[in-house]
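# Fold and contact review
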Amino acid sequence: MKRVQFDSYGGPEVMRLTEFDLGTPGEGEVAVRIKFAALNPIDWKVRNGDLKMVTGKSFPRAMGSDFSGTVMAVGPGVTRFEPGDAVFGLARLKESGACGHALLTDANFLAKKPDNVSFEDAACLGTPGVTAWNGLFDKAGLKPGAHVFINGCTGAVGETAVQLARMTGARVSGSCSAEAMPRAHALGVVRVYDYRTTDLTTISERFDVVYDTAATMTTAVGLGMLRDGGVFLDINPTLGKFMRSMVDHRLKPIICKARSDILDGLARAAAEGKLRLPVAKPVPLSEAIRLLTELEQGHKLAGKGLVVMD
């Protein structure tokens, strides 16, 4: 088996494709043979060491968070899955490992793939779906009829948040590039603003939820767009923001925290045709380092970047 891993924190140059031993699943763990891995900014943030307070100093460390595949084996205490099940989900942050032939992850970080959802589509649901859900439902308690503003409404998290909010019966406005506006309208965003030309402080309407999925808004701007009782969801948490949120409950810093009930909810939404992210043409595992590097350097794809295991 092979995977993309690194032996120290650093830039793209530290990544290498190498053989590894998977091991056997322990208590509460599942071994998954991966079909597709979907790439996310969190992948290179972990490798760069941005999260080393959480991920620690042990190496080698593998790349990749989101995946789809089939269960190879389950550890003691796992009853939700059995060998042969088609699944999707997330790797654990410390170990990662989606960019490889197989991984071990927590059973609570998995859901069964619906039969009518492709492995390609399922691989894209993990981090964007959980992050959108954490904000809209866990933190904001989104209700039908609410008006949501999503900054970055055609990014992976933003587009997922649009679909989940509309599925709940909320009304959605948002911002994106001028080029992406047709996509936003097709998703059902009622008012779309060009982020390059719009000063968000000039928008007169006030919102029940403002979700900065692009991580470009200041706290002052986000809070200023709220109506009474509204909440500002900030996808770029810092220690200072967490401290402020303890006294200003309108501010909700978001950290992606996967749970089985969230992943099951995403699976239902996808099976019902209410949730899907656009997919770019997959590259083989041998090209994963190149694609990761290009995405980190700002290259844009017409959909989620995928790696297919060969």
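Structural notes, computed from the coordinates. Predicted, not measured: the structure shown is a model, and the values here were computed from it. (Residues numbered from 1 in each chain as written. Predicted model: local features only at pLDDT ≥ 70, side-chain atom pairs only at ≥ 80, totals over all residues. Heavy atoms only, no water.)

## Structural notes on the sheet that holds strand β11 (residues 191–194)
How we decide: Here the rule is simple: two strands pair whenever DSSP picks up at least two bridges between them. Under the scheme used here, helices are H or I runs from DSSP no shorter than 4 residues and strands are E runs no shorter than 2 residues, and both carry numbers assigned from the N terminus. Axis lines are fitted through C-alpha atoms, for helices just across the contact stretch, and the angle between N-to-C directions can take any value from 0 to 180 degrees. Contact criterion: two residues are considered in contact whenever any of their non-hydrogen atoms come within 4.5 Å of each other.
On the basis of which strands lie adjacent, the open sheet formed by six strands has the order β11-β10-β9-β12-β13-β14 and parallel pairing. Edge positions in the open sheet fall to β11 and β14 (251–253), since each of these has one partner strand only. Each neighbouring strand pair of the sheet contributes to a mean axis angle of 15 degrees, computed without reference to strand direction. Relative to strand β12 (residues 207–212), helix α4 (residues 126–139) is tilted by about 155 degrees, and along the sheet it contacts β9 (147–151), β12, β13 (226–234) and β14.

## Observations concerning unusual backbone geometry
Note the threshold: The rule is simple: take the accessible area with a 1.4 Å probe, protein chains only, and divide by the maximum for that residue type; under 20% is buried, over 50% is exposed, in between is partly exposed.
The omega torsion of the bond from F59 to P60 falls at 0 degrees, within 30 degrees of zero and hence cis. Structurally, P60 is set in the loop between α2 (52–55) and β4 (61–62). Positive phi is not limited to glycine here, since S96 has a value of about 50 degrees. The topology assignment puts S96 in the loop between β6 (86–90) and β7 (102–106). Judged by relative accessible area, which is 8%, S96 ranks as buried. Positive phi, normally seen in glycine, also occurs at A215, with a value near 60 degrees. For A215, the position within the fold is in the loop between β12 and α7 (219–224). Of the residues examined, A215 reaches a relative accessible area of 38% and is grouped as partly exposed.

## Some remarks on the pairing of β12
Keep this limit in mind: Looking down the strands as they point away from you, a crossover is right-handed if its path from the first strand over the helix to the second goes clockwise.
β12 sits mainly inside the fold: five of its six residues count as buried. Here β9 runs beside β12; their pairing, made up of four bridges, is parallel. Across the sheet, the residue bridging to V148 is V209, located in β12. Here β12 runs beside β13; their pairing, made up of five bridges, is parallel. Bridge assignment links V209 to a residue of β13, and that residue is V231. Traced from β12 through α7 to β13, the parallel crossover comes out right-handed.

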